[in-house]
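Examining the three-dimensional arrangement
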Amino acid sequence: MQNILTIFKHELRSYFDSPIAYVVIIVFLLFTGWFFTTNFFLVGQADMRVVFQIIPLAFLFFTPAITMRLISEERKTGTMELLVTMPISDSSIIIGKYLASVVLLTAMVIPTLVYAITIASLGDMDFGSTIGGYLGLVLMGSAFLAIGTLGSSLTENQVIAFIISWLIMFAFYMMDKILYYLPTSLVSFVEYMAIEYHFNNISRGVIDSRDLLYYLSMIALSLFLAARMMAARRLR
Amino acid sequence: MIDIKQLTKVYGTQKAVDNISFKVEKGEILGFLGPNGAGKTTTMKIITCFMPPTSGEVTVGGFPVLENSIDIRRMIGYLPELNPLYGDMNLVDFLKYVADLRGIEKSKQNNRIQNMIDICGLGDVLHKNINELSKGYRQRVGLAQAMVHDPDILILDEPTIGLDPNQVVDIRNLIKRLGREKTVILSTHILSEVQATCDRAIIINKGLIVADSSLAELQRDLEGKASINVEIKTSDNSIADHLTSIEGVEEVRELYLDDSINRNFNIVSTAGSDPRELIFNKAVENGWIIIGMAREIRSLEDVFHQLTKE
């Protein structure tokens, strides 16, 4: 536990000591802000639907950028040798690093509350779905980040880590958008596997244990595989 | 303290370490010698639990590396060959991070870190980023990192590389001092380093141990032993037997035969003797003409060269 905290603090500091965190946050806010404002006054609805539609797509590009360096950079610079000869387990390393990326994602999402506050002051907002939406965003973002952590554990090249992570994320992102083309027997399964499907459920303001379970198991499985990959690559 | 039995490590199809066995006792400083690619670093990486062995048994402090790696890692301080450091951290933060990872209590950390800064001579660069440090300073940071938790076992892969001569002497003295109560394994290409710091040397070549003896033994073997090269002009065929019969001559080897009647011999003398005068007298007695004679003290370099050449 103490070790996870040590890794977490170190990783968080390397995010915020370097320009990475600030660049990611600013670009993310410009991106979502543009989509929020362009249609907002035309649609005339006091809800966060537009924001909640665009953020999952933004996550698809921002989360692999956040996680791509987590493990591959240490392997590239050789500091992994230092880290894994310390008396800490591989899983503490993975979890500590992963948690730091979750904090960065949260810091990236929090400023978008400004949109929610704006809407609430202009009209009658549905608080249930907004709160649910934010919870869903953090859960879905965390699942994306876990996949990204796995991607980073596969290679020492950050660009390749980005692309592999993006491909896995894209597959899960597309699943509920191609249901028309699937045989009916597969539809409910593929729909359940889709990453945005559960977010849509939660952002309706209904928190179902199946949706929570989906994200938590996605996170657990990805991090478990990442720890295994780290150990396996060391065995060579 | 460290017990290695029939250790083999294979990378793909290449054997990096081939069935080696040795033990290191507490309070011993072991020098690990060998040419590039001999398997020194691989062996060290296995002891430090960075890599598992392909086969063989490695126990450190009684724990097998495959089962109790966390316990072993706690005991070991490790300076890797390439000395990887977090370049964007400043020195003190880096040492604090390592101290945290090592589980040193917060109350003791400042004391330990200050201690390392003094020992490794890092006082001048305290608030610099590691990226800005020269190679020598980086090496000192690597040493500080390896020793910050006061480990029982130190594994140092080429510890004095990149240091200036004064610092080399300081670090060697430090290793010697630490070696009284700790177990130290250091690898090096520099033979005088082994002579200056180690109790024992293992010479490894192509994954095999070619020599394992205490430095006193090694030195005794070498001390006073000299090789003498003589060139003698004669047609006498029994010359080699005559030379062997001289007192103080251990071994006579004819170097090469050419068309001329000049014969070249390499003579190894026994410890503490100098048979050159006797050789001269012998030559006069038998009517040989000595064209040249030169004496060289055998060094660790010669032994190393002899053991590790093709």
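Below, the discussion takes up the pairing of strand β8 (residues 183–188) of chain B. All names here are of chain B. With 6 of 6 residues buried, β8 is to be regarded as a mostly interior element. Pairing geometry for strand β7 (residues 153–157) and β8, over 5 bridges, is parallel. When the sheet's bridge partners are listed, I155 is paired in β8 with I185. The β-α-β motif built from β7, the intervening helix α6 (residues 165–178) and the parallel element β8 has right-handed crossover chirality.

The next thing to look at is helix α9 (residues 158–174) of chain A. If you check α9 of chain A, its first and last C-alpha atoms are 24 Å apart, about what 17 residues at 1.5 Å a residue would give, namely 24 Å. Sitting at the amino-terminal end of α9 of chain A is N157 of chain A, which places a side-chain oxygen 2.9 Å from the backbone nitrogen of V159 of chain A.

All names here are of chain B. Considered domain by domain, chain B is made up of domain 1 (2–220) and domain 2 (225–308). Contacts between the two partners involve 11 residues from domain 1 and, on the opposite side, 5 residues from domain 2. A combined buried area of about 820 Å² lies between domain 1 and domain 2, and 81% of that area is made up of carbon and sulfur atoms. Taken together, the connections running from domain 1 to domain 2 amount to 0 salt bridges. For the side of domain 1 that touches domain 2, the elements supplying multiple residues, two or more each, are α7 (191–197), β9 (200–205) and β10 (208–214). Sort the elements by how many residues they give to the side of domain 1 that touches domain 2 and β9 lands first, with 3 residues. A per-class count over the side of domain 1 that touches domain 2 returns 8 nonpolar, 3 polar and no charged.

Parameters at a glance
- Residues numbered from 1 in each chain as written.
- Chains lettered and ligands numbered in written order.
- Predicted model: local features only at pLDDT ≥ 70, side-chain atom pairs only at ≥ 80, totals over all residues.
- Heavy atoms only, no water.
- Buried < 20%, exposed > 50% of the residue type's maximum accessible area, 1.4 Å probe, protein only.
- Helix = DSSP H or I, 4+ residues; strand = E, 2+ residues; numbered from the N terminus.
- Pairing = 2+ DSSP bridges.
- Right-handed = clockwise from strand over helix to strand, strands pointing away.
- Expected span 1.5 Å × (residues − 1).
- Polar contact = N/O pair within 3.5 Å; in protein donor to acceptor, adjacent residues only side chain to side chain.
- Domains from an automatic or database assignment.
- Contact = heavy atoms within 4.5 Å.
- Buried area = accessible area lost by both parts, 1.4 Å probe.
- Salt bridge = Lys/Arg side-chain N within 4 Å of Asp/Glu carboxyl O.
- Nonpolar A, V, L, I, M, F, W, Y, C, P; charged D, E, K, R; others polar.

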